[in-house]
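Structural overview
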Amino acid sequence: MIKQNLHTHCTYCDGKDMPEEMILTAIDKGFDSIGFSSDSYMDWNGRGLLPENHNNYCTEIRDLAKKYKNQIDVFKFDYSKLLAEHEEKHKKLYKSAEI
């Protein structure tokens, strides 16, 4: 069985822990892989990975993946392009749900 979490939020969006802390916890718990999937920032809801932090986020996850490559597989998923294509749809859904 593969032990993993591929939808992990860290302090770059709405998570409470730094990426390295989360990787170390995953290693300690015997995970095979961890994937960071910070939600892209949407100005209409004020949540997610801020555009000015995007490069730092990508660099940090890449560097941590290299640092821990012999202990755990680290992945980064980027929703920015996907969400940009569907932003109007998400705005409507968000507004109708009154979140």
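Figured I'd write up the structure that's included with this text. (Residues numbered from 1 in each chain as written. Predicted model: local features only at pLDDT ≥ 70, side-chain atom pairs only at ≥ 80, totals over all residues. Heavy atoms only, no water.)

**Brief notes about a nonpolar patch on the surface**
A contiguous nonpolar patch, built from Leu6, Phe75 and Phe77 and spanning about 230 Å² of accessible area, is present on the exposed surface. In this structure, Phe75 sits in strand β3 (residues 73-76). (Patch = residues over 30% accessible without salt bridge, like charges linked within 9 Å, V, L, I, M, F, W, Y side chains within 5 Å. Areas by Shrake-Rupley, 256 points an atom, 1.4 Å probe, with all protein chains shown as cover. Salt bridge = Lys/Arg side-chain N within 4 Å of Asp/Glu carboxyl O. Helix = DSSP H or I, 4+ residues; strand = E, 2+ residues; numbered from the N terminus.)

**Examining the side chain of Ser33**
Secondary-structure assignment places Ser33 in strand β2 (residues 33-36). Those residues in contact with Ser33, other than ones at most four positions away along the chain, are Lys3, Gln4, Asn5, Leu6, Ile72, Asp73 and Phe75. (Contact = heavy atoms within 4.5 Å.)

**What about the packing of helix α1 (residues 19-28) against helix α2 (residues 54-67)?**
The relative placement of two packed helices comes down to the angle between their axes together with the axis-to-axis distance. Across the interface, α1 lies against α2 with an axial gap of 10 Å and an inter-helix angle of 30 degrees. Considered as vectors, α1 and α2 are oriented roughly parallel to each other. For the crossing formed where α1 meets α2, the hand is right-handed. Within the contact between the two elements, α1 uses Pro19, Glu20 and Ile23 and α2 uses Glu60, Ile61, Leu64 and Lys67. Broken down by class, the residue content of the contact of α1 with α2 amounts to four nonpolar, no polar and three charged. (Axes fitted to C-alpha atoms, helices over the stretch in contact; angles between N-to-C directions. Parallel < 35°, antiparallel > 145°, perpendicular 65-115°, else oblique. Left-handed = near helix turned anticlockwise from the far one by under 90°. Nonpolar A, V, L, I, M, F, W, Y, C, P; charged D, E, K, R; others polar.)

**Examining the nonpolar core**
If you look at the biggest cluster of nonpolar residues, it comprises 18 residues, and the most contacted ones within it are Cys10, Ile23, Ile34, Phe36, Tyr57, Ile72 and Val74. Counting residues per element, the ones that place at least two in this core are α1, β2 and α2. When residues in this core are grouped by element, the largest group, five residues, is from α2. Setting aside its immediate chain neighbours within four residues, Ile34 contacts Asn5, Leu6, Thr8, Met22, Ile23, Ala26, Ile72, Asp73, Val74 and Phe75. (Core = buried A, V, L, I, M, F, W, Y, C linked by side-chain atoms within 4.5 Å. Buried < 20%, exposed > 50% of the residue type's maximum accessible area, 1.4 Å probe, protein only.)

This is a description of form; function is not addressed.
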